[in-house]
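Descriptive analysis of the structure
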Amino acid sequence: MTGTGRMSGGAEAAPASQQGMRRQNLAAVIGAVAAHGPLSRADVAGHTGLTRPAVSSMVDELIGRGALTETETAPSGRVGRPGRALALNDRGPAGLGLEIGVTHLAACVVDLRGEPRVWRRVERANAGRPAGEVLAEAAALGAEAEAEAAALGLRVEGRVLAVPGVVPNAPGGLVANAPNLGWQSVRPADHWPDPDTVPEPENEANLGALAEQWHRGNPAETFVHVSAEAGIGAALVIGGQLFRGARGFAGELGHLPVHPEGAPCACGARGCLEQYAGEAAVLREAGLGNVGDPVALLAERAAAGDAATLRALDRAGRALGLALASAVNLIDPDALVLGGAYAELADWLLPAVRAELAARVTVRPWTPEAVRPSALGRRGPVLGAAWSTVRQIIADPARLPARRPTS
């Protein structure tokens, strides 16, 4: 099984066959437990509208697939046998998220509850390295994470890879362009050492936005999620759905011009946002060179009141606010979310961002609180990658192989 934010993850709508109806009912049962559990079988029947015999049949199948567990509840003080409660299995199916950043590799395994159980991150200078070499190291990190997860009783059922590049809508697992890595037309499957564990690639900004949506639990929210590492990426969630554009290229906020006759950009244009609010631009403006963790250093220097760093972050915030004002006027979102490095630098970016928005968003109501930092910080993309599989399992547990959970 693979899982990704690009799929809806649900079973077929209005199934006509008996098999399709059962698939839909399995999803309803596990969905009720995921949203409201732990629950008794009677409670599941009440939440789903299914009969108790139907619920018992679905529950037995979900237990057999390793998705649910049933345990005795605490004594109620009433006469009779203790009640039993259904919960998502924390020793069963799991999702693996992988991330290739310009300066790091990361892996995360989450259980069906969405709880991170394994974390791994290593610093790597990936820009300009051969794609096959980077992907081989990512595969090795993923294998280590899976082995650690297996020792916890988890089995990985899907793998998603977050990359700082364009992943088109067309199937095939192609990373069309990742300029900050130096990649063009790279298919991870062509370089992955184990064909059985090839992850599905997805744009890291998209996964960060989906992680924010899932973490906040508000599927109807319309927002723009913007994050930065070496480049600047944005993702649009409209009415609870990720908007990709006609070919999957939506969200290139980093190349929106904020100073049309400004500094040349690596993309070939001039005055792009990345040249004023990207990591390299902020470091340059702050008088800092190549350092181990530039975000941590910028935050440390800003907290200490370093004048050059504060000026650099103010300049970046004004450029970012200018670009986001255009997004607000075009899209009319409920919120703007600063993710990635921006979340960790939000204390110093937000005043300038909010000032630009207040000056430029004048044709619709807007409040300063509508732009906020993400609680996930730089972990958003790898969490979103791992959660993608879990979301798909909850939406369609019939995808799981029929096997007993690990005892």
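Data block above holds the structure.
Residues numbered from 1 in each chain as written. Predicted model: local features only at pLDDT ≥ 70, side-chain atom pairs only at ≥ 80, totals over all residues. Heavy atoms only, no water.

Considerations on the environment of Ala359
- Position of Ala359 among the secondary structure elements: in helix α11 (residues 346–360).
- Once the C-alpha coordinates of Ala359 and Ile100 are considered, the two residues, 259 residues apart in sequence, prove to be 37 Å apart. (Helix = DSSP H or I, 4+ residues; strand = E, 2+ residues; numbered from the N terminus.)

Details of the nonpolar core
- Of all hydrophobic cores here, the largest spans 42 residues; its most connected members are Val226, Leu273, Leu324, Tyr342 and Leu357.
- Top contributing element to this core by residue count: helix α9 (residues 307–331), with 9 residues.
- Not counting residues within four places of it along the chain, the set of residues in contact with Val226 comprises Ile232, Gly233, Ala234, Leu253, Leu320, Leu324, Val337, Leu338, Gly339 and Tyr342. (Core = buried A, V, L, I, M, F, W, Y, C linked by side-chain atoms within 4.5 Å. Buried < 20%, exposed > 50% of the residue type's maximum accessible area, 1.4 Å probe, protein only. Contact = heavy atoms within 4.5 Å.)

Considering the pattern of salt bridges
- Considering all chains together, one arrives at 26 salt bridges under this definition.
- Among the salt bridges present, the one from Arg22 reaches Glu61, with a minimum N-O distance of 2.9 Å. Of this pair, Arg22 sits in helix α1 (residues 18–36) while Glu61 sits in helix α3 (residues 52–64), and the two are 39 residues apart along the sequence.
- A relative accessible area of 30% means that Arg22 is categorised as partly exposed.
- In this structure, Glu123 engages Arg121 in a salt bridge whose closest nitrogen and oxygen atoms are separated by 3.1 Å.
- When its relative accessible area of 47% is taken as the criterion, Glu123 is described as partly exposed.
- According to the relative accessible area criterion, Arg121 is partly exposed, its value standing at 40%.
- In this structure, a network of salt bridges that share partners links the residues Arg124, Arg129, Glu133 and Glu137. (Salt bridge = Lys/Arg side-chain N within 4 Å of Asp/Glu carboxyl O.)

Some details on α3
- Under the 1.5 Å per step criterion, the end-to-end length of α3 is 18 Å for 13 residues, consistent within 8% with the ideal 18 Å.
- Listed as buried for α3 are Val55, Met58, Val59, Glu61, Leu62, Ile63 and Gly64.
- Those residues of α3 that are buried lie in contact with α1, α2 (41–48), β1 (68–72) and β2 (84–88). (Expected span 1.5 Å × (residues − 1).)

Concerning helix α8 (residues 294–303)
- For α8, the full list of buried residues reads Pro294, Val295, Leu298, Ala299 and Ala302. The arc that holds the buried residues of α8, viewed along the axis, is 135 degrees, so those residues lie on one side. Away from the buried face of α8 by more than 90 degrees, exposed residues Glu300 and Ala303 are located.
- Here the buried face of α8 lies against α7 (279–285), α9, α10 (341–344) and α11.
- Downstream of α8 by a residue or two, Gly305 has a phi angle that is positive, lying close to 85 degrees. (Arc of directions from axis to C-beta.)

Remarks on the packing of α1 against α3
- Remark: α1 packs on α3, axes separated minimally by 10 Å, with the N-to-C direction vectors making an angle of 80 degrees. Between α1 and α3, the angle falls in the class roughly perpendicular. Facing Arg22, Asn25, Leu26, Val29 and Ile30 of α1, the residues of α3 in contact are Ser57, Met58, Val59, Glu61 and Leu62.
- Looking at the contact of α1 with α3, its residues break down into 6 nonpolar, 2 polar and 2 charged. (Axes fitted to C-alpha atoms, helices over the stretch in contact; angles between N-to-C directions. Parallel < 35°, antiparallel > 145°, perpendicular 65-115°, else oblique. Nonpolar A, V, L, I, M, F, W, Y, C, P; charged D, E, K, R; others polar.)

Some remarks on the side chain of Arg129
- Residue position: Arg129 is located in the loop between β5 (116–123) and α4 (131–151).
- Separated by 2.8 Å, the side chains of Arg129 and Asn126 make a polar contact.
- Residues within four places of Arg129 in sequence aside, it is in contact with Arg124, Val134, Glu137 and Trp183. (Polar contact = N/O pair within 3.5 Å; in protein donor to acceptor, adjacent residues only side chain to side chain.)

Here we look at the environment of Leu161
- Within the element layout of this structure, Leu161 appears in strand β6 (residues 155–163).
- Given a relative accessible area of 0%, Leu161 falls into the buried group.
- Here the alpha-carbon distance between Leu161 and Ile100, two residues 61 residues apart in the chain, equals 7.4 Å.
- Beyond its immediate chain neighbours, meaning those up to four positions away, Leu161 contacts Leu98, Glu99, Ile100, Leu135, Pro188, Pro199, Glu200, Pro201, Glu202 and Leu207.

Brief notes about the environment of Asp334
- As for its position among the elements, Asp334 is in the loop between α9 and β13 (335–340).
- C-alpha of Asp334 to C-alpha of Gln18: the two residues are 316 residues apart in sequence and 41 Å apart in space.
- Beyond its immediate sequence surroundings of up to four residues, Asp334 is in contact with Glu221, Thr222 and Ala370.

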